[in-house]
Amino acid sequence: IEHIPFSFSFTRESVAGAQEYADSLSVTPMSGVVNPDGEVAIQLTFQPRIAAEYNYNLVCNVKRKSRPIMLNVKGIGYTLQQRVFYERGLTPFCLLYTSDAADDLLCVDLGGRRIIKKK
C-alpha cells in the first residue's frame, strides 16, 4: 500500500487488442488516481463480437514506476446456432434460425433471424 497518491492509465491500443476483436473488451476507468492507502476497482467488460478465442495483454502505466503493469485477459466468444422446425409428413421445414446458422435455401435472412417463406 502506497502512502502517496499515484495516477494510472491503460493504453487504448492494449484494450482494443487485435483488429478482429472489434472493441470486445472495455476497461472502466481507463485512468485515474489511487489515493494514499486507497484502492480503485477496475471493471473489465467482455462482449465478444465473433466466435473466437481472445487474448489481451493490457498495459497499465503507473506514475513513478519504471515499468508498466501487464495484465493478461483471455476470453472465448461462442456463437449460438438455433433452429426451429416443423414437420409435415417426413420432411422437416426450417421455420426460423439465427443468421449465424448454416445457410439453408428454404429460409430467408431478415436481419439476424431467418424465416421460411415457403407454404
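Note that the structure is a prediction, hence the values are computed from the model and not measured.

Asker: Would you mind going over the packing of aromatic side chains with me for this structure?
Answerer: Two numbers describe a pair of aromatic rings. These are the distance of the centres and the angle of the planes. Tallied over the full model, the rule gives 5 aromatic pairs. Seen in terms of ring centroids, F46 and Y54 are 5.0 Å apart; in terms of plane orientation they differ by 80 degrees. Their pairing is edge-to-face. Since its relative accessible area comes to 2%, Y54 is described here as buried. Among the aromatic residues, ring-to-ring pairing joins Y21, F46, Y54 and Y56 into one connected group.

Asker: Can you walk me through the pairing of strand β2 (residues 25–28) in this structure?
Answerer: Burial along β2 is one-sided: the residues L25 and V27 are buried and none of S26 and T28 is. One ladder, built from 4 bridges, connects β2 with strand β4 (residues 43–46); its direction is antiparallel. Bridging from a neighbouring strand, S26 pairs with T45 of β4.

Asker: Explanation requested: the sheet that holds strand β5 (residues 53–62) in the structure shown.
Answerer: Backbone-to-backbone hydrogen bonds join strands into a sheet, with any given pair of strands oriented parallel or antiparallel. The 4 strands are arranged β3-β1-β5-β6 in an open sheet whose pairing can be described as antiparallel. The open sheet has two edge strands, β3 (31–34) and β6 (69–76), and neither has a second partner. Pairs of neighbouring strands in the sheet enclose a mean axial angle of 25 degrees, with direction left out of account. For strand β1 (residues 6–10) and β5, the ladder comprises 3 bridges, and the chain directions are antiparallel. Within β5, the residue paired with S9 across the bridge is N61.

Asker: Hey, could you run me through the side chain of S14 in this one?
Answerer: Residue position: S14 is located in helix α1 (residues 12–16). Among the polar contacts listed, one links the side chain of S14 to the side chain of T11, at a separation of 2.8 Å. Apart from residues no more than four positions distant in its own chain, S14 is found in contact with Y56, N57, L58 and V59.

Asker: Would you mind going over the pairing of β6 with me for this structure?
Answerer: It is a general feature of regular strands that their side chains alternate between the two faces of the sheet. Here β5 pairs with β6 via 8 bridges, running antiparallel. Bridge pairing links V59 to M70 in β6. Counted between consecutive antiparallel strands, the loop separating β5 from β6 contains 6 residues, among which R64 sits at a positive phi close to 70 degrees.

Asker: Quick question: what am I supposed to make of a nonpolar patch on the surface here?
Answerer: Side chains of V40, I42, L44 and L71 sit close together on the surface and give an oily, nonpolar patch of about 270 Å² of accessible area. With respect to the helices and strands, the residue V40 is situated in the loop between β3 and β4. Using a relative accessible area of 32% as the deciding quantity, one classes V40 as partly exposed.

Asker: Please clarify how unusual backbone geometry should be interpreted in this entry.
Answerer: Trans peptide bonds make up most of the peptide bonds, and negative phi angles are found at most residues other than glycine. Geometrically, the link from T28 to P29 is a cis peptide bond, its omega value of -5 degrees lying close to zero. Residue placement: P29 occurs in the loop between β2 and β3. Unlike most non-glycine residues, A22 shows phi in positive territory, near 50 degrees. Despite not being glycine, D37 shows a phi value in the positive range, around 55 degrees. Residue position: D37 is located in the loop between β3 and β4. Residue D37 is classed as partly exposed on the basis of its relative accessible area, which comes to 47%.

Basis of the calculations
- Residues numbered from 1 in each chain as written.
- Predicted model: local features only at pLDDT ≥ 70, side-chain atom pairs only at ≥ 80, totals over all residues.
- Heavy atoms only, no water.
- Phe/Tyr/Trp six-rings, centres within 6.5 Å; stacked < 30°, edge-to-face > 60°.
- Buried < 20%, exposed > 50% of the residue type's maximum accessible area, 1.4 Å probe, protein only.
- Helix = DSSP H or I, 4+ residues; strand = E, 2+ residues; numbered from the N terminus.
- Pairing = 2+ DSSP bridges.
- Axes fitted to C-alpha atoms, helices over the stretch in contact; angles between N-to-C directions.
- Polar contact = N/O pair within 3.5 Å; in protein donor to acceptor, adjacent residues only side chain to side chain.
- Contact = heavy atoms within 4.5 Å.
- Patch = residues over 30% accessible without salt bridge, like charges linked within 9 Å, V, L, I, M, F, W, Y side chains within 5 Å.
- Areas by Shrake-Rupley, 256 points an atom, 1.4 Å probe, with all protein chains shown as cover.
- Salt bridge = Lys/Arg side-chain N within 4 Å of Asp/Glu carboxyl O.

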